[in-house]
Amino acid sequence: IGNPDAGWKLAAGLAALALLAVFVLGAFAVLLALAGTRPDAGALLADPYLRSVVVFTLQQASLSAALSIAGAIPLALALHRARFRGREAILRLCLMPQALPVLVGALAIVAVWGRSGIVSDGLAALGLPRLDVYGLTGILIAHVFFNLPLATRLLVAALDAVPAERWKLAAGLSFGVRATFRTIEWPALRGALPGAASLVFMLCITSFTLVLVLGGGPGATTLEVAIYQALRYDFSPGRAALLGLAQIALTALVLFALFRFGGTLDGAATLGQRAVRYDRPSRGARLASSATLVLGLGFIAAPFAAILLRGLDADLLRLVGETTVQRAAVTSAVLAVASATLSLLLSTALLFGSAALGAGSNGDRRAFGSPFDLAGSLVLVVPPIVLGAGWFLALRGTGDVFAAAPVMVAVTNAVMAMPFVMRIIGPPMAQAALRHDRLAASLALSGLSRLRHVDWPALKYPVRLALAFAMALSLGDLGAAALFGNQDFVTLPLLLHQRMGSYRTADAAGLALLLGALSLALMAMAERGTGRPEAQT
């Protein structure tokens, strides 16, 4: 049975593909054209500064990924072995660092681990030296704070996917903790570890805000921060282009490894029963799991507590009444809505185009089976700072570069959110098509009628989730705003960064609380949306 909607869906996908090609590929083409020279990979090896930046980028990403995974393994095991009602609440807590704006998280890390932080106060009381979080140490702590909970959720999901029959068999054979780990838990974790480690490594290698705030000087600079410095401070397009090439090469290799070596659980025969553990760990094992949970939860929850306590000490009423804060809040809100809407429109158009070609995005590695799906993930290879850098240089030659700041920041944030939006709405869209295509064709449902009666009931909750997630990403983003920001264009993250730079710590704490609360509220709405049942038609 033919698909009467294939024509306009393909046209929509091609239009979105053309817009993305102009914005993403055009930005880097401009960066190369304005460099004045042809970038040469050999120059990267000849320049000591560039070489040190590349080495530090790889070093901090490798250490961050290793520490995050090393902490996530025992925490995931403790969570999966736990038998108490608060387990779901803990898993939700593990989602919160991903919802927290990165700049707010950096401020929280300083509040907990900095020289005047809670941990340093405790060390000083014991006669030990205070900690210095500016440099590699602070970057690693911050990256682990953000990525250890993410890796934990991925590993818990891998353990949850173990068929129920295996747990029953282990209980029937009276397996102890070691035998259960060796025969069931470790094989499940081993299949998920490559993908989790690659994902964390990719997130760390493209880190910008954390390194900008906690880097502590030229010795702790990543490629993305170096690109920003080359444009805003040194104004060296050639160096920015060379750094951009290195950044794209590194992220492309990591992205390839993520989809090439990201292992999955084997599809063993199962009756589809809900996985319930029947093992009875010893008292020592229970104590070890409890200690792991306390340490892990303390590490994750402490920055949130610091944000809350220090934010409440600030004069929130005065901050909310400031004209500058109000303007920044309105700017951030407008940008969040605009970027989320644009991201949803572009993502949906690309998914329509993919469906018209018969490729479909189903949320796994086959999501890269069509040019439409590949375009939606292109920003994973070309980071937002490279996009902003290219258009910053392009617009500089046409007049006032800052006049286009709102549009450029909104579009950059929209493109940045597209990989996540496509993974949220892609699978339910593919499932709805698989379930209803033949029936809709037999009833001659097409166009708006099909969208209203068939597609929308299956997509309304994923669409709300995608919008909330994209808005939260835009609300807390500093990268594009840091390039295009000026006295007439200030977002909440940019204002927070300015207050931190001018040592107005009380104001920064208050703004961090406001920004964090807004972002967490959006993600709470998004998390509730995932639990809503899909409408049946």
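Quick notes on the rules
- Residues numbered from 1 in each chain as written.
- Predicted model: local features only at pLDDT ≥ 70, side-chain atom pairs only at ≥ 80, totals over all residues.
- Heavy atoms only, no water.
- Axes fitted to C-alpha atoms, helices over the stretch in contact; angles between N-to-C directions.
- Helix = DSSP H or I, 4+ residues; strand = E, 2+ residues; numbered from the N terminus.
- Parallel < 35°, antiparallel > 145°, perpendicular 65-115°, else oblique.
- Left-handed = near helix turned anticlockwise from the far one by under 90°.
- Contact = heavy atoms within 4.5 Å.
- Nonpolar A, V, L, I, M, F, W, Y, C, P; charged D, E, K, R; others polar.
- Buried < 20%, exposed > 50% of the residue type's maximum accessible area, 1.4 Å probe, protein only.
- Expected span 1.5 Å × (residues − 1).
- Bend = angle between axes of the 7 residues up to and from the residue.
- Salt bridge = Lys/Arg side-chain N within 4 Å of Asp/Glu carboxyl O.
- Phe/Tyr/Trp six-rings, centres within 6.5 Å; stacked < 30°, edge-to-face > 60°.
- pLDDT = per-residue confidence, 0-100.

(A) Main features of the packing of helix 8 (residues 164–172) against helix 9 (residues 177–205). With their axes 11 Å apart at the nearest point, helix 8 and helix 9 run at an angle of 165 degrees to one another. One element, helix 8, and the other, helix 9, form an angle in the roughly antiparallel class. In this structure, helix 8 crosses over helix 9, and the sense of that crossing is right-handed. Contacts between helix 8 and helix 9 involve Arg166, Trp167 and Ala170 from the first element and Thr180, Ile184 and Glu185 from the second. Within the contact of helix 8 with helix 9, the residues separate by chemical class into three nonpolar, one polar and two charged.

(B) Highlighting the side chain of Ser332. Turning to its location among the elements, Ser332 is positioned in helix 15 (residues 323–357). Here Ser332 falls in the buried class, since its relative accessible area comes to 3%. Apart from the residues lying within four places of it in its own chain, the contact partners of Ser332 are Leu475, Thr491, Leu492 and Pro493.

(C) Broad picture of helix 13 (residues 283–313). For helix 13, built from 31 residues, the straight-helix expectation of 45 Å at 1.5 Å per residue is met to within 8% by its first-to-last C-alpha distance of 43 Å. At Ala301, helix 13 shows its largest bend, some 35 degrees, and a proline, Pro303, comes one to four positions later. Ala285, Ser289, Leu293, Gly296, Ile300, Pro303, Phe304, Ala306, Ile307 and Gly311 are the residues of helix 13 that are buried.

(D) Spatial organisation of the pattern of salt bridges. Here the structure, examined in full by the defined rule, presents eight salt bridges. Across the pair Asp507 and Arg318 runs a salt bridge whose closest N-O atoms are separated by 2.5 Å. Note that Asp507 is positioned in helix 22 (residues 505–530) and Arg318 in helix 14 (residues 316–321), a separation of 189 residues in sequence. Residue Asp507 is joined to Arg499 by a salt bridge in which the shortest nitrogen-to-oxygen separation is 3.1 Å. Of the two residues, Asp507 and Arg499, neither departs from the other in class, the shared state being buried. Residues joined by salt bridges that share partners form a network here, namely Asp315, Arg318, Glu322, Arg499, Arg504 and Asp507.

(E) Molecular detail of the packing of aromatic side chains. Taken as a whole and judged by the stated rule, the model has seven aromatic pairs. Residues Phe420 and Phe469 carry aromatic rings whose centres are separated by 5.5 Å and whose planes lie at 35 degrees to one another, so their mutual orientation is tilted. Of the two residues, Phe420 is situated in helix 18 (residues 405–442) and Phe469 in helix 19 (residues 447–475); the sequence distance between them amounts to 49 residues. By relative accessible area, which is 35% here, Phe420 ends up partly exposed. Taken together through their ring pairs, the aromatic side chains of Phe145, Phe146 and Phe304 make up a single cluster.

(F) Expanded view of the confidence of the model for the protein. With 83% of its residues at a pLDDT of at least 70, the protein reaches an overall mean of 79. The least confident element of the protein, judged by mean pLDDT, is helix 2 (residues 41–46) at 61; the most confident is helix 7 (residues 136–160) at 91. Within the model, pLDDT remains below 50 along residues 263–274, and this stretch shows 20 contacts once partners closer than five positions in the same chain are excluded. Of the regions scoring below 50 in pLDDT, residues 359–368 engages in 31 contacts with residues more than four places distant in sequence or in other chains.

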